[in-house]
Protein chains: 2
Amino acid sequence: MRLAELSRRSGVSTATIKYYLREGLLPPGRQVNTTTAEYDEEHLRRLRLVRAMIQVGRLPVATVREVLGHVDDESLGRTLRLGAALWALPQVPEPDEDDEWIQAAHQRVGELLQTLGWSNAKLLVTISPAYRSLVVAVAALRRLGYDWDPEMLVSYGKLMHQAAVLDLDFVETHPSEAEKVETAVLGAVLVEPMLQALHRLAQEEESARRYGFE
Amino acid sequence: MRLAELSRRSGVSTATIKYYLREGLLPPGRQVNTTTAEYDEEHLRRLRLVRAMIQVGRLPVATVREVLGHVDDESLGRTLRLGAALWALPQVPEPDEDDEWIQAAHQRVGELLQTLGWSNAKLLVTISPAYRSLVVAVAALRRLGYDWDPEMLVSYGKLMHQAAVLDLDFVETHPSEAEKVETAVLGAVLVEPMLQALHRLAQEEESARRYGFE
């Protein structure tokens, strides 16, 4: 398809598509002659992903470029390719390892992974931003004087594992390796806000069931 | 306790506590004499909540004041008091009701609530920011050309309802009505990042189980 059709089918203006092409967020089309290039379904898919990251995820162009670099790195196995793409998304700052609350949280989260039987996740603790985010969140709660029932963390962990099984089942419905990785990135940008909204809506539902509306 | 002890027990500097007092985020202590005020456990609890919202939730002071106004409004029933406090937290912008994707998303989310049997949530659709967030998230996915399996939304909804049951069970372990509402707000500020971290960690675990590390 030509640029005009790519624009029509994606709902992205030709000026914006040209900008993405210049910034290297979209691979160049196949040059048909000096003024015309031809684009395919893969361009359309990539354009949608870029737009989701920029418009919905509000990621800066440099971050989008980094994420796409991992998405396209076929030298990595699937776990690392999925991981590397997600890890390039915005994360919490590095925890301060000298802080006593952070040290206690490492201990607490280590026990949690043990109880949940997440032996693979345990192998990733030194490189995983998700692990670091969890340590920071647990430390923040305890620093504020809220002691969390470890049983509750285990229950939340089991629910989130069920959600992850759904996520990956969905990722696997996509035929190509590139689409699988793209879907995982899209999930982080678009599905997390949806899950958060569903969670709050479920709280309203459950609250009204228990206490009514007065 | 005196200001110095309140500072020591909360880990918040006396200068910051005085600032919160001036801004009305913390109720004044009981004046013992012209220069000394006495604070109690309720001040300590409120101070921790304010700190969580400002330092972890990064909420502006005006928003914190609004949230606390709802937390303290005893004229509301529990569902509305919980809701009003959560609703004052930052939300997605209002959806554009003239947009065809938004209209389709209302339809889709309405069917979802029906399937899930969330009849109470259905009654709140005109006022609930969680409902609006969900409509915006669903519309964003479909506008980007991703059609979502309605069955998946139902599965995610059921998981999030289980999470909400855990949340409210935890809220109910607190004796006073004020603490219940405070815990709900704290949950939105601190537990959501923890759930998100657990979710990403579970994805890593599940991914490594399925595809290994190469």
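Note on numbering: residues in each chain are counted from 1, in written sequence order. To read the labels, note that chains go from A and ligands from 1, taken in the order they are written. The predicted origin of the model limits local features to residues at a pLDDT of at least 70 and limits the giving and counting of side-chain atom pairs to 80 or more, whereas totals for whole chains, interfaces and linings rest on all residues. Based on all heavy atoms of the structure, the side-chain values leave hydrogens and waters out of the count.

Further remarks concern the interface of chain A and chain B. Contact definition: two residues touch when any of their heavy atoms are within 4.5 Å. Listed as interface residues are 83 residues of chain A and, on the opposing side, 83 residues of chain B. Approximately 8,300 Å² of surface area, both sides summed, lies buried where chain A meets chain B, with 68% of it carried by carbon and sulfur atoms. The term buried area refers to how much accessible surface (probe radius 1.4 Å) is lost by two components on association, counted for both of them together. By the criterion of area lost to chain B, the three top residues of chain A are Leu144(A), Arg200(A) and Phe213(A), representing 9% of everything that side buries. One salt bridge in this structure joins Arg210(B) and Asp169(A), with 2.9 Å as the shortest N-O distance. Definition used for salt bridges: Asp or Glu carboxyl oxygen within 4 Å of a side-chain nitrogen of Lys or Arg.

Residues and elements named next belong to chain A. You can read the domains of chain A as domain 1 (3-77) and domain 2 (100-211). An automatic or database domain assignment supplies the start and end points of every domain. The C-alpha-based centres of domain 1 and domain 2 are spaced at 30 Å. Opposite the nine residues of domain 1 that make contact, domain 2 presents eight residues. Taking both partners together, domain 1 and domain 2 bury about 810 Å²; carbon and sulfur atoms supply 74% of that area. It is Arg45, Leu49 and Val71 in domain 1 that bury the most area against domain 2; as a group they hold 58% of the surface buried on that side. One can count three salt bridges joining domain 1 with domain 2. The salt bridge partner of Arg46 is Glu182, with a shortest N-O separation of 3.2 Å. Polar contacts, as counted here, are pairs of nitrogen or oxygen atoms within 3.5 Å of one another; within protein the pair requires one atom able to donate a hydrogen and one able to accept it, and residues that are adjacent in sequence qualify only if both atoms are side-chain atoms. Taken together, domain 1 and domain 2 are joined by two residue pairs in polar contact (both at pLDDT 80 or more). Elements with a contribution of two residues or more to the side of domain 1 that touches domain 2: α3 (41-56) and α4 (61-71). Charged means Asp, Glu, Lys or Arg here, nonpolar means Ala, Val, Leu, Ile, Met, Phe, Trp, Tyr, Cys or Pro, and polar covers whatever is left, Gly included. Considered class by class, the residues forming the side of domain 1 that touches domain 2 number six nonpolar, one polar and two charged. Strands here mean DSSP runs of E at least two residues long; helices mean DSSP runs of H or I at least four residues long; both are numbered from the N terminus.

Before going further, it helps to spend a moment on the relation of the copies chain A and chain B. The two copies are related by a screw motion: chain A maps onto chain B through a turn of 180° and a shift of 0.0 Å along the axis, at an RMSD of 0.0 Å. Those values place the two copies in the arrangement expected of a two-fold rotation axis. When each C-alpha of chain A is compared by its distance to the rotation axis, Leu159(A) comes out closest, at 3.2 Å. A least-squares fit on C-alpha atoms brings the copies together, and the residues used are those whose pLDDT is at least 70 in both copies.

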